[in-house]
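Chains, contacts and geometry: an overview
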Amino acid sequence: MRKTWVKRENIYYKPFYKDKSKMFLLLIFLVGISFIAYQLPSVQQLRRKHKEMMQSLGSKQLDDDFDGGGGVASGKDGNLAVPATQDADAIKIIRGIRLFDYDAYKPNYKGNFKCLDGSREIPFDHLNDNYCDCVSDGSDEPSTNACSNGRFYCKYQKRHITGRGLDVWVWASRVNDNVCDCCDGSDEWTTNANCQNHCA
């Protein structure tokens, strides 16, 4: 009679933990669950920060500043002052910059402002002084029309909750030129252009 040799592992039942393919799939599943659980606090923090920034930028009191109302005082350097009815710790955004560049428009350890392209450093009080110091990118004059190649980012920015979206901006040379370039009229706050908000 002819003998047939059969491998030992094919005769006996193989436990689940010894099956490499199943264990690999289980490992991928557990890693995915762990990653989602790890990201949940970050997503919640992002949503909370997004909500705070939208409240700071999109409140009715800040809107009054653009249409000539008395809700917000605008500093001589173009900064948005916090209304008296708001908390002193509210977020202060320099007019005409992106939220992405918020930290870049703070004094560094030397008390200076560094141009966004890194070309040079200038004293922080030279920011928005109506003189173009960062001639390569015009980033030191986000709230004035001193730099022809600078960018003024409109107040209205259509964004997904994750922060994705295209930046809405106009050339800084078009700021306060009596022409409403931004759909919300945020580029004309010292003129009588009487811009209407037609972003919707």
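What you see is a predicted model, and the numbers here were worked out from it, not measured in a lab.

Let's shift gears to the overall build of the chain. Looking only at helices and strands, the chain has 3 helices and 4 strands in total. Along its sequence from the N terminus, the chain presents helices and strands in the succession α-α-α-β-β-β-β. Of the contacts formed within the chain by residues at least 6 apart in sequence, a portion of 30% connects residues at least 24 apart. Surface summary for the chain: the accessible area is close to 14200 Å², and the carbon and sulfur share equals 55%.

Residues with a pLDDT of 70 or more make up 69% of the chain, whose mean pLDDT is 75. When the criterion is pLDDT under 50, residues 59-90 qualifies, and its contacts beyond four places in sequence or with other chains add up to 47 contacts.

Taken together, the side chains of Met 23, Leu 26, Phe 29, Leu 30 and Ile 33 present a nonpolar region at the surface, about 440 Å² in accessible area. One can find Met 23 in helix H2 (residues 20-58).

Attention shifts here to the pattern of salt bridges. For the structure shown, the criterion picks out 3 salt bridges. Among the ionic pairs, Asp 101 bridges to Arg 98, the shortest N-O distance being 2.9 Å. Owing to a relative accessible area of 8%, Asp 101 belongs among the buried residues under this scheme. The partly exposed category is assigned to Arg 98, whose relative accessible area is 22%.

Here the focus is the environment of Ser 148. One can find Ser 148 in the loop between strand S2 (121-123) and strand S3 (151-153). On a C-alpha basis, the gap between Ser 148 and Arg 174 in space is 8.4 Å, while along the polypeptide they are 26 residues apart.

Attention now moves to the state of the cysteines. Taken as a whole, this structure holds 5 disulfides when the rule is applied. Here Cys 115 connects covalently by a disulfide to Cys 134, the sulfurs 1.8 Å from one another. Judged by the torsion about the S-S bond (-80°), the Cys 115/Cys 134 disulfide is left-handed. You can see Cys 115 sitting in the loop between strand S1 (112-114) and S2 and its partner Cys 134 sitting in the loop between S2 and S3, a full 19 residues away along the chain. Exposure class is identical for Cys 115 and Cys 134. Each is buried. Put simply, Cys 183 and Cys 199 are joined by a disulfide, and their sulfur atoms are 2.1 Å apart. An S-S torsion of about 95° defines the bridge between Cys 183 and Cys 199 as right-handed. Taken as a pair, Cys 183 in the segment after strand S4 (169-171) and Cys 199 in the segment after S4 lie far apart in primary sequence, 16 residues in all. Taken individually, Cys 183 and Cys 199 each receive the classification buried, so the pair is uniform in this respect.

Okay, the nonpolar core next. Residues Ile 93, Ile 94, Ile 97, Tyr 105, Phe 113, Cys 115, Ile 122, Leu 127 and Cys 134 constitute the largest nonpolar core, which totals 9 residues. Leaving out residues up to four positions away in the same chain, Phe 113 has contacts with Ala 104, Tyr 105, Arg 120, Glu 121, Ile 122, Pro 123, Phe 124, Leu 127, Cys 134, Ser 139 and Asp 140. By size, the runner-up hydrophobic cluster in this structure holds 6 residues, among which are Phe 152, Cys 154, Val 170 and Val 175.

Quick look at the environment of Cys 182 now. Considering the arrangement of structural elements, one finds Cys 182 in the segment after S4. Taking the relative accessible area as the measure of exposure, Cys 182 reaches 2% and is therefore buried. When neighbours within four sequence positions are excluded, Cys 182 is seen to be in contact with Phe 152, Cys 154, Val 170 and Asp 187.

Definitions and limits used
- Residues numbered from 1 in each chain as written.
- Predicted model: local features only at pLDDT ≥ 70, side-chain atom pairs only at ≥ 80, totals over all residues.
- Heavy atoms only, no water.
- Helix = DSSP H or I, 4+ residues; strand = E, 2+ residues; numbered from the N terminus.
- Contact = heavy atoms within 4.5 Å.
- Areas by Shrake-Rupley, 256 points an atom, 1.4 Å probe, with all protein chains shown as cover.
- pLDDT = per-residue confidence, 0-100.
- Patch = residues over 30% accessible without salt bridge, like charges linked within 9 Å, V, L, I, M, F, W, Y side chains within 5 Å.
- Salt bridge = Lys/Arg side-chain N within 4 Å of Asp/Glu carboxyl O.
- Buried < 20%, exposed > 50% of the residue type's maximum accessible area, 1.4 Å probe, protein only.
- Disulfide = S-S within 2.5 Å.
- Core = buried A, V, L, I, M, F, W, Y, C linked by side-chain atoms within 4.5 Å.

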